[in-house]
Amino acid sequence: MNYKLTIGWLYPELMSTYGDRGNIISLAKRCEWRNIEAEVRRLELGFKIEDLKKCDILFMGGAQDKQQSIVSHDFSTQKIKTLKRMIEDGIPGLYICGAYQFLGKYYKEADGTIIKGLGILDLYTESRGKNFKRLIGNIIIETRIKKLVGFENHGGRTYLGKNIKPLGTIVKGFGNNGDDKTEGAMYKNSFGSYLHGPILPKNPHFADLLIQLSLKKKYKQPFSLAKLEDTLEWKAHEAIANRLGIGL
Ligand code: GLN
């Protein structure tokens with residue numbers, strides 16, 4: 001049987017920063033290397049809901065507040081409903097930084113402006129004024145699938161509600177808010193995180209989890225993925241851990 005995954009890339013022009021596009025390359029390549037066809041569908045401003053519905057994995061990256069505000073106006077009620085249905089239905093997705101904030105209830109900018117969130121995940125984000133320190137640097141977190149490494153740069157502090165779990169706990173870095181030691185969020189098969197870098201090329205185990213979940217969802221059977229030669233990927237992973245003085 002020929003397997004195929006359609007990777008939906010939400011707002012590639014506006015929502016992609018600090019190497020986020022590497023996540024799409026990583027997902028597509030890791031599929032191709034296993035003879036799984038990967039089609040990348042770019043969902044730019046004004047995208048059609050029909051195109052969103054065809055996706056088997058979703059990805060949206062981070063951006064500055066201005067871009068987040070433009071995108072929030074493109075998210076019609078109908079688009080929000082469709083995305084919510086897909087997330088509730090277990091369509092796997094990865095949402096980084098600005099995109100992660102966006103899935104929550106709201107994001108309060110440094111000047112107090114509120115960008116309404118999609119209200120899909122039980123979380124909210126607030127920036128504490130222009131003079132408040134941004135949370136910047138390399139980061140390492142402990143998760144259910146081993147450690148994840150990345151780079152974070154955000155002003156917003158995210159707080160999780162009781163209906164959602166963190167993606168991981170901080171080993172080094174700031175994470176959701178710099179206080180409670182949590183990083184990111186998980187809900188069904190959707191993951192939110194502050195880890196840019198990009199996250200997937202240097203955390204191949206996380207890329208494979210997303211691919212595996214998508215195949216399982218689409219073809220309604222468990223999948224074990226063929227092993228790939230990941231020496232370089234793990235070297236990149238280790239390089240960040242070493243910089244932070246953390247042995248793996
Ligand atoms: N604008 C958001 C913040 O600073 C998101 C930044 C980002 O995506 N890197 O909190």
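Residues numbered from 1 in each chain as written. Predicted model: local features only at pLDDT ≥ 70, side-chain atom pairs only at ≥ 80, totals over all residues. Heavy atoms only, no water.

Undergrad: What should I look at first to understand the sheet that holds strand β5 (residues 106–108) in this one?
TA: In a beta sheet, neighbouring strands are held together by backbone hydrogen bonds and run either parallel or antiparallel to one another. What the four strands build is an open sheet, ordered β6-β5-β7-β10; its pairing is mixed. If you trace the sheet from one side to the other, it starts and ends with β6 (114–116) and β10 (157–160), each paired once. Averaged over all adjacent pairs, the angle separating strand axes in this sheet is 15°, with direction ignored. Alignment of β5 against strand β7 (residues 123–126), held across two bridges, turns out to be parallel. Residue Lys108 lies in a different strand from β7, and its bridge partner there is Glu126. In the packing of helix α3 (residues 65–74) onto the sheet, contacts are made with β5 and β6, and the angle to β6 comes to roughly 40°. (Pairing = 2+ DSSP bridges. Helix = DSSP H or I, 4+ residues; strand = E, 2+ residues; numbered from the N terminus. Axes fitted to C-alpha atoms, helices over the stretch in contact; angles between N-to-C directions. Contact = heavy atoms within 4.5 Å.)

Undergrad: Explain the pairing of strand β8 (residues 135–143) here, please?
TA: Direction of pairing for β8 relative to strand β9 (residues 146–154): antiparallel, over a ladder of nine bridges. Bridged to Glu142 within β9 is Lys147. Counted along the chain from β8 to the antiparallel partner β9, the turn is two residues long. Where β8 and strand β11 (residues 168–172) come together, four bridges link them in antiparallel fashion. Bridging from a neighbouring strand, Ile141 pairs with Ile170 of β11.

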